[in-house]
Structures are given as C-alpha cells and as structure tokens.
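Analysis of the macromolecular model
These are the residues of each chain, in order.
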Amino acid sequence: MAAVDAQNPLLGETTCGSLLQQLQQIWDEVGESDEERDKMLLQLEQDCLDVYKRKVDQAAKSRAHLLQALADANVELSSLLSALGEKTFIGIPEKTLGTIKEQLAALAPVLEQLWKQKEEKIKEFSDVQSQIQKICGEISGSNEQVGSPVVNEADLSLKKLDEFQSQLQELQKEKSDRLHKVLEFVSTVHDLCAVLGMDFFSTVTEVHPSLNDSTGVQSKSISNDTLSRLAKTVLALKEDKKQRLNKLQELATQLIDLWNLMDTPQEERSLFDHVTCNISASVDEVTIPGALALDLIEQAEVEVERLDQLKASRMKEIAFKKQTELEEIFAGVHIEIDPEAAREKIMALIDSGNVEPSELLADMDNQIVKAKEEALSRKEILDKVEKWMSACEEESWLEDYNRDENRYNATRGAHLNLKRAEKARILVNKIPALVDTLVAKTRAWEEDRGISFTYDGVPLLAMLDEYAMLRHDREEEKRRMRDQKKFHEQLSTEQEAFFGSRPSPGRPLGTKKVVGPRANGGANGTPTPSRRLSLNAHQNGARSTNKDGKRDTRPVAPVNYVAISKEDVASHISGSETIPASP
C-alpha cells in the first residue's frame, strides 16, 4: 500500500506513503528493532482495516434505509391501488430500472397523484354515507345530530360506491314499505291473541302506544325499534302457541290412552272433543279463537289427574289384562311360564305401593314388546317343529296302515287310504333331513342367544334326541323281528320235513307291541313327539349330540315309550331261550 501511495505523483498532500517514510526515518534515528517495527505496522494495518469496515457498515445501513423506503413506497402504492380498486396505474415505473434513489424519485409523483384521487374518493363516499346515515336516523326514530360518517379508506372502489348508492335507494324505498310491515305484524298479533285467549289491546300497546286502533294509520310508529319489538312479540306468541299446542296434544293423548284402558263411554269422551280435535293438528292449522286458552288446558289437566287417580284404583284389572296378553303370546310360541306366580307378583307390587302404576304398565308393555320379538325369533324353528310333528303323525298312521292285513281289500275308502299311504311314505322319508335341519337351526339359535330353546318347557334338542333314540330302537326291533321270523320259518320247514306236518300258525315268539310316546300306550310304536314325550325327556334326561356331531354319553333313564305286558315279557323270554316243540 505504501509503495503504491509513494509512486503516485498526483498526491500533493500528506499521504499514507509519506507518513510511513517519516515513520521509517524516526525508527532509524531511534533505533527501533525490526520486531517492534513489525508490531507497529501490523497495528497500523488493523486500524486501517477497522476504518474501512466502519465505512462499509455505514454504507450498507444507508442502502438498507433506502431499500426500506423503496419497499414502503411500493407498499403504499399497492395499498392506494387496492383502496381505489385499480389494478394498475399509468406512469408507474419499472421496479428494476435505475438506482434505488432514481426509483424513489420516480415513484414520488405517482404517489402524490394517487393521494389526490383517494381524497376525492373519500369525499364522494362521505357524501353518500351521510345521506344513508340521515335516512337511517329517520327510520330509527332518532332525531339526534350524528357526526360525519366514518369512511373505510381501505375500500374506495367503484363497486363499493355502487353498493352504497344501491343501499341509499333501498332505504328510500323502505320508507314507504315500513308502514305496511307494521300493519302486517299488528294483524298477526291480533290473530295469535285470539287463539291464545289473550287481550290484544294490552299486548300491542306494550310494544308502542301508537299501535292501538284509535291512532291513525299515518301516525303509527315505523321505527326499527318498533319493528323489532313487534317481530319479537310475534315470535314469542308463536312459541307460546306451539308450547300450548304440544301440551294440549300430550293431554289429549293421555286422555285417549286412559279412556281406552278404562273403556270410557263415548258420551263422557265427547265432553272433551274441543281438546282431542287438535291432537294431530299442526301449529298453523289451529286458528279457532280460544282453542289454546289457558283455562281450557287447565280443564284438560284436571281431567287427566282425575282419570289417573281412577286408573290407580283399576290398576289390577289393567295389569291382569296385559298379563293375559303376555301369556297368550308365550302360549302361541310354546314358551312355558308360571302365570300364577306372575299374577301374584303383580298383586304384591300394586298392594305394596312401591311402584308407580304408570311404571308398572310401562314395564309390562316392554315385556310384551320383548315377548313379541322372542316369538318372531322362534317362528322359523316352530314352523319346522309343526312340520316334524305332522310328519310323525303321518308316520304313525302309516305304521297302523301297514299292520292292517286287509288294507288291500276292496273296501270302501281303500283307494283313499292307498293314496294317503303313498304321500305318507314320501313325507316319512323326509323326516331325517327335517330333523337334521331342525337340530342345526336350534343349535344356531341357542348359540346366538346363549340359552336353551324350549318347547312347552322342554329343551327341543332333548326332544329331537329322544325321537332319534326311539326311531333307532324301533328299527332295531323291526330287524330283530325279521330275523326271528326268518328263524321260525326255517324251523318250521325242518319240522315239516322231519315230522311231515307244519306247526299250527300262532303268534310269533318273542314279539311285542311297541307303544308310541304320543299317547303312552297307542296302537303302534312310531316315536311321535308330543307333550308327553317332552315331559319324559325333561324328567329323565336325554342324550343329545354335541357340535362335532357325536352323541353324548350322559346316562338316560328309561322313558315310558314302550308298554309290554307281563305275558309279552314271558313270551319274549321263552321265545328267545327255548325252541318250541311241535304240536
């Protein structure tokens, strides 16, 4: 640096180079060491560097201030354009042309012109808003002097000005419409007061004294406050009308329910036709004067209270009526209950007085609803049970028919029995599949509800399982009898060959008469399900199949489905152990 300054011939004043030469001379005269000289030179360089840095920082700050001023000017320009509703303006310079100071100088006249336009717009808006404010004061009924309106300087667009002008026109028109609105409100109040049985004059004068009939039409108040209070009055009266109608309809419903429960005669009911006639009417449909008066509602309340007290005295009769309905539902779907215990419980609850009559009836209504749902869930299975029992009856008849040795004789009605037998055989062949389907559906029903499906108090699966056991035993008995018959035929043949004659025909040895469980001693051994069968299965227990299709091994006591006489037993024993001698 010093070398550069020393070589500059244009410098006629003191420079860094000349000063450095003087410093060198002084050091030479003093005799400073090189180490000290280097330290001083380094210090001089650092001081110069600090001076440069300060100057650079000052220049950067000055530039930042100018940039901020330019940014503020641009923001002000954008704000003015937005307030005036202008997207652009002629004369706005390009942002990237010229220096910062040049850009500021170019924006200054544009901003000045826009400010003038803004002031003109503010004045125009103020004039329109002043007129609007004046008309609003007339409509509100206020004669107080109001100051200048506040203009929103952020929105001075033509669109906003058009809105204010439209509002001014609407307000001017509203002056002629308000009187009509007031008269409509007054008419509505009159109609509502008539239906509710209220005094119209006192109601309407509470809103404003000028609204009574004695005041001329042009003298009636049309202020905002008057319209608002009229509107509130109409809403309050409509709400009161709605509440009274709901109350009256509730009372009418209670009256009808109580009448139906206690079989009230029509003559007594007709006394409250003015109450029940609006039970399904909407709010707008009730227009008869005095239809919702307070004294009418009080009259209905007194009657409901009287009937409630009367109902309490007849609670036992009503409760037993519902209990009978419940028992009929259960009986229709073969659900066994204890009606005597239920009636005793009802008697105890009523006599104790610990339960409200309405709560007891509501609880019984819930029981009836649940019973109907239960009946609906059992319907499909019960239909199949009826089909199964019907098929078993046909099976029983077919067994009797097959035992009849004269069934093919040409007797009267033989062809009808033959046709019935053909249909019965088809139906009997479907019994196993029907039983399997019934078992599957019953198991699914029980798994879904977690309880046993009973038929007249007996588990249906136990009935089905016992039927399967009886059917199996019957088949085994038939097979044994066929084998025994075959054995006797063979024995007779041998005796005939040996003795030359056949033994006299008699009753087959070892035979026995299988009696079905349906009648406990019927004419055949067909295992027909019945209440008797169900009772035996319930008392003695029955084997059932589990989910895997295997038969349970629970012990089962003998059921009364085979009735064998002592003679049959003796014949069976002798026929199975000894060989009868030839005659």
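Residues numbered from 1 in each chain as written. Predicted model: local features only at pLDDT ≥ 70, side-chain atom pairs only at ≥ 80, totals over all residues. Heavy atoms only, no water.

Some words on the UniProt feature "coiled-coil region" (unreviewed entry) in the chain
- As annotated in UniProt, the feature "coiled-coil region" (unreviewed entry) corresponds to residues 154-181 and 231-258 in the numbering used here.
- From the first C-alpha to the last, residues 154-181 spans 36 Å; its make-up is 86% helix and 0% strand.
- Taken end to end, residues 231-258 comprises 100% helix and 0% strand; its first and last C-alpha atoms sit 40 Å apart. (UniProt positions renumbered as here; feature names shortened; annotations may be inferred. Helix = DSSP H or I, 4+ residues; strand = E, 2+ residues; numbered from the N terminus.)

Considerations on the nonpolar core
- Counting residues in each nonpolar core, the largest one holds 41 residues, and the members touching the most others are Val186, Leu211, Leu255, Val275, Val286 and Leu292.
- For this core, the secondary-structure elements that each account for two or more residues are helix H5 (158-196), helix H6 (200-207), helix H7 (224-262), helix H10 (294-313), helix H11 (315-332) and helix H13 (357-403).
- Among the elements that take part in this core, H7 stands out by supplying 12 residues, more than any other.
- When residues no more than four places from it in sequence are discounted, the contact partners of leucine 211 are Val182, Val186, Val204, Lys220, Ser221, Thr226 and Leu230. (Core = buried A, V, L, I, M, F, W, Y, C linked by side-chain atoms within 4.5 Å. Buried < 20%, exposed > 50% of the residue type's maximum accessible area, 1.4 Å probe, protein only. Contact = heavy atoms within 4.5 Å.)

Observations regarding helix H15 (residues 431-449)
- Compared with the 27 Å implied by 1.5 Å per residue over 19 residues, the 27 Å span of H15 between its first and last C-alpha is a close match.
- Among all positions in H15, only Ile431, Leu434, Val435, Leu438, Val439, Thr442, Arg443, Trp445 and Glu446 are buried. Projected down its long axis, H15 carries its buried residues within an arc of 165°, all on one side. Facing away from the buried side of H15 by more than 90 degrees, the exposed set consists of Asp436, Glu447 and Asp448.
- For H15, the secondary structure elements touched by its buried residues are H13, helix H14 (414-429) and helix H16 (460-499).
- After H15 finishes, the residue glycine 450 shows a positive phi value of roughly 75°. (Expected span 1.5 Å × (residues − 1). Arc of directions from axis to C-beta.)

Overview of a negative patch on the surface
- A cluster of like negative charges, contributed by Glu336, Asp338, Glu340 and Glu344, occupies part of the molecular surface.
- Position of glutamate 336 among the secondary structure elements: in the loop between H11 and helix H12 (339-352). (Patch = residues over 30% accessible without salt bridge, like charges linked within 9 Å, V, L, I, M, F, W, Y side chains within 5 Å. Areas by Shrake-Rupley, 256 points an atom, 1.4 Å probe, with all protein chains shown as cover. Salt bridge = Lys/Arg side-chain N within 4 Å of Asp/Glu carboxyl O. Lys, Arg positive; Asp, Glu negative; His and termini not counted. Charge placed at Lys NZ, Arg CZ, Asp CG, Glu CD.)

Points about the environment of aspartate 155
- As for its placement among the helices and strands, aspartate 155 is situated in the loop between helix H4 (100-140) and H5.
- On the accessibility criterion, aspartate 155 (27% relative accessible area) is partly exposed.
- Separated by 75 residues in sequence, aspartate 155 and leucine 80 place their C-alpha atoms 9.4 Å apart.

A short note on the pattern of salt bridges
- Scanning all chains against the criterion turns up 24 salt bridges.
- With its nearest N and O atoms 2.6 Å apart, the salt bridge here joins glutamate 303 to arginine 306. Of the two residues, glutamate 303 and arginine 306 both sit in helix H10, 3 residues apart, roughly one turn of that helix.
- You can call glutamate 303 buried: its relative accessible area is 9%.
- Here glutamate 477 makes a salt bridge to arginine 480, at a shortest N to O gap of 2.8 Å. In this pair, glutamate 477 and arginine 480 are both assigned in helix H16, 3 residues apart and thus about one turn of the helix distant.
- Taking relative accessible area as the criterion, arginine 480 reaches 25% and is therefore assigned partly exposed.

Here's the deal with unusual backbone geometry
- Non-glycine residue histidine 334 carries a positive phi angle of around 60°.
- If you trace the backbone, histidine 334 turns up in the loop between H11 and H12.

Side note on the packing of aromatic side chains
- What the rule picks out here adds up to 5 aromatic pairs.
- Measuring from centroid to centroid gives 5.3 Å for tryptophan 388 and tyrosine 467, while their planes differ by 85°, and the two rings are edge-to-face. Here tryptophan 388, found in helix H13, pairs with tyrosine 467, found in helix H16; they are 79 residues apart in sequence, far enough to count as distant. For the pair tryptophan 388 and tyrosine 467, a shared accessibility class is recorded, and that class is buried.
- When the ring of tryptophan 397 is compared with that of tyrosine 401, the centres are 5.1 Å apart and the planes differ by 15°; the resulting orientation is stacked. A residue pair is termed a helical-turn pair when its members lie 3 or 4 positions apart in one helix, as tryptophan 397 and tyrosine 401 do in helix H13 at 4 residues. (Phe/Tyr/Trp six-rings, centres within 6.5 Å; stacked < 30°, edge-to-face > 60°.)

Remarks on the packing of H15 against H16
- Following both chains from N to C, one finds H15 and H16 inclined at 155°, their axes separated by 10 Å at the closest point. Compared by their axis directions, H15 and H16 come out roughly antiparallel. H15 and H16 meet at a crossing whose hand is left-handed. Of the residues in H16, those touching H15 at Ile431, Val435, Leu438, Val439, Thr442, Arg443 and Glu446 are Leu460, Leu461, Leu464, Tyr467 and Arg471.
- Its residues placed into classes, the contact of H15 with H16 shows 8 nonpolar, 1 polar and 3 charged. (Axes fitted to C-alpha atoms, helices over the stretch in contact; angles between N-to-C directions. Parallel < 35°, antiparallel > 145°, perpendicular 65-115°, else oblique. Left-handed = near helix turned anticlockwise from the far one by under 90°. Nonpolar A, V, L, I, M, F, W, Y, C, P; charged D, E, K, R; others polar.)

A closer look at the environment of arginine 306
- You can call arginine 306 partly exposed: its relative accessible area is 37%.
- Within the structure, arginine 306 has its side chain in polar contact with the side chain of glutamate 303 (distance 2.6 Å). (Polar contact = N/O pair within 3.5 Å; in protein donor to acceptor, adjacent residues only side chain to side chain.)

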